[in-house]
Amino acid sequence: MSTWIGRTELNAEQEKILRRAVHLEWLTIAILAVTVTLVFAVMGNSQAMKAAGIEDALSFIPPLAFLMGVRIAGKRPNARYPYGYHRSIGVAHLVAAVALVSMGAFLIFDSGSGLLKGEHPPIGTIELLGQSVWLGWLMIAVMAITGAPPVFLGRAKMKLARELHNKVLYADADMNKADWMTSVGTIVGVAGIGLGFWWADAAAALFIAASILRDGLRNMRGAVTDLMDTTATTFDDDGPHPLGGKVREYLRSLDWVGDAGVRVRDEGQVFHVEAFVVPRREKDLTLGRINAARAGCMDLDWKLRDTVIIPVDSLPDETGGSGSFHQAEKDG
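A brief structural summary. Treat the numbers as computed from the prediction; the structure is a model and nothing was measured.

**Some remarks on helix α3 (residues 61-73)**
Then comes step 1: The terminal C-alpha atoms of α3, which comprises 13 residues, lie 18 Å apart, in line with the 18 Å expected from a rise of 1.5 Å per residue.
Then comes step 2: Residues of α3 that are buried include every one of Pro62, Pro63, Ala65, Phe66, Leu67, Gly69, Val70 and Ala73, and no others.

**Re unusual backbone geometry**
Then comes step 1: Phi at His165 is positive, roughly 50 degrees, even though this residue is not glycine.
Then comes step 2: Residue position: His165 is located in the loop between α6 (148-164) and α7 (167-177).
Then comes step 3: Within the chain, Asp237 stands out as a residue other than glycine whose phi angle is a positive 60 degrees.
Then comes step 4: Examined against the element boundaries, Asp237 turns out to sit in the loop between α9 (199-227) and α10 (243-252).

**Regarding a positive patch on the surface**
Then comes step 1: A cluster of basic side chains, namely Lys16, Arg20, Arg155, Lys159, Arg162 and Lys177, defines a positive patch on the protein surface.
Then comes step 2: Here the positive patch takes three residues from α6, the largest share from any one element.
Then comes step 3: Along the polypeptide, Arg20 turns up in helix α1 (residues 12-41).
Then comes step 4: Accessibility expressed as a relative area gives 45% for Arg20, which makes it partly exposed.

**Some points on the packing of aromatic side chains**
Then comes step 1: According to the stated counting rule, one finds two aromatic pairs in the structure shown.
Then comes step 2: Ring geometry for Tyr81 and Tyr85: centres 4.6 Å apart, planes at 40 degrees, overall tilted.
Then comes step 3: Residue Tyr81 is classed as partly exposed on the basis of its relative accessible area, which comes to 36%.
Then comes step 4: By relative accessible area, Tyr85 is classed as buried at 17%.
Then comes step 5: For the pair Tyr170 and Phe235, a centre-to-centre distance of 5.2 Å together with 85 degrees between the ring planes defines the contact as edge-to-face. With Tyr170 in helix α7 and Phe235 in the loop between α9 and α10, this residue pair connects regions lying 65 residues apart in the sequence.
Then comes step 6: Assessed through its relative accessible area of 17%, Tyr170 is described here as buried.

Basis of the calculations
- Residues numbered from 1 in each chain as written.
- Predicted model: local features only at pLDDT ≥ 70, side-chain atom pairs only at ≥ 80, totals over all residues.
- Heavy atoms only, no water.
- Helix = DSSP H or I, 4+ residues; strand = E, 2+ residues; numbered from the N terminus.
- Expected span 1.5 Å × (residues − 1).
- Buried < 20%, exposed > 50% of the residue type's maximum accessible area, 1.4 Å probe, protein only.
- Patch = residues over 30% accessible without salt bridge, like charges linked within 9 Å, V, L, I, M, F, W, Y side chains within 5 Å.
- Areas by Shrake-Rupley, 256 points an atom, 1.4 Å probe, with all protein chains shown as cover.
- Salt bridge = Lys/Arg side-chain N within 4 Å of Asp/Glu carboxyl O.
- Lys, Arg positive; Asp, Glu negative; His and termini not counted.
- Charge placed at Lys NZ, Arg CZ, Asp CG, Glu CD.
- Phe/Tyr/Trp six-rings, centres within 6.5 Å; stacked < 30°, edge-to-face > 60°.

Here it is as C-alpha cells:
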C-alpha cells in the first residue's frame, strides 16, 4: 500500500527508503543523547570539549527538523495551503541552518576571546576505582568512542537523501560525516594541554566553531535560495536538477509541440513544474493531448506529481525556449 506525502504518492521503494530514513534519525537522536551526556560529564574547563559538546547538542536539530518536516509535509493540500505543506521541509532546513550559524559565531567569539586573553584552562584529576586519573584521558577516550558512530550514520543517510531529494537529511548526513574532524580536533586540543601547549585547546575550539559556522552558512544559502524559488537544484545544491531538462525534452519530442520551456521550483522534497508549450498548429491543441502530456511528465519521476501544462503563444524568456506559436505554425 502506497503512502501519500502531500499530493505526492510514494511507491513501495520510496516508502521503504523514507521508513529507513526515519529509523536512522531516531537512532541518531538516541546516540546523540548518550554522546552529549558523556561529553558534558567529562568536559571540565576545556574550551575544545565545550565546543564539541555544544556541536553535539546542535546535532539534535537536523534530525528533529527532518522528522517534523516529513510529518507536516504529509498533510493534504487544502484551500488555505493549495500547494500542500511541502515547504515545511525548506522551513526546517532554514531553522537548522540559522541555529548552526548563530552558535558557530558565538563559539568563535568565545574561543577567540580566550585565546587572545591567554587563558590557561586547567584539567584536573578525578578518583576512578581508587586511582587518581587525569581527566584529559577520559576526555580523549570519550571523543574517540563517540566520534565513530556519526560517520557511519552520515554515510547511510547520504544515500537516502539522494533518493528522497531531502536537503535536511543531506545537511544532517554532511554534518555527521564531518564529525570525525571535531573528535580529532578535540583530542588534539586536550592532548596539547597535557603537553604544556595551553593555546592548543582554544585553537581546537576555534577549528570546531569554524566548522559549525561553515556548515550553517552553506545550509542557510541553500535553504534561502530554495524558499525564494530559485531553479530547482540537486539534493546537495551542486547544480541545476536534471529533471527540468528531461521534462523540456520530453515535451519537445511530442509531434504536436513546436517548442517547450519549463519553470521548476523545489517545494522541499518534490517539485512544482510549470511547463509552457507552443503548439505547432492551433488545431493540434486539444484537452486530450494536454492531459496526456501532463501524465507523461509525471511518469518521468515521482517528484513531478505537481505538474501543470500551459499552452502559450510564445515562451517566457526565463524558461529557456526560443519558439513562438506563429513561428511554430510557419515551420510546421
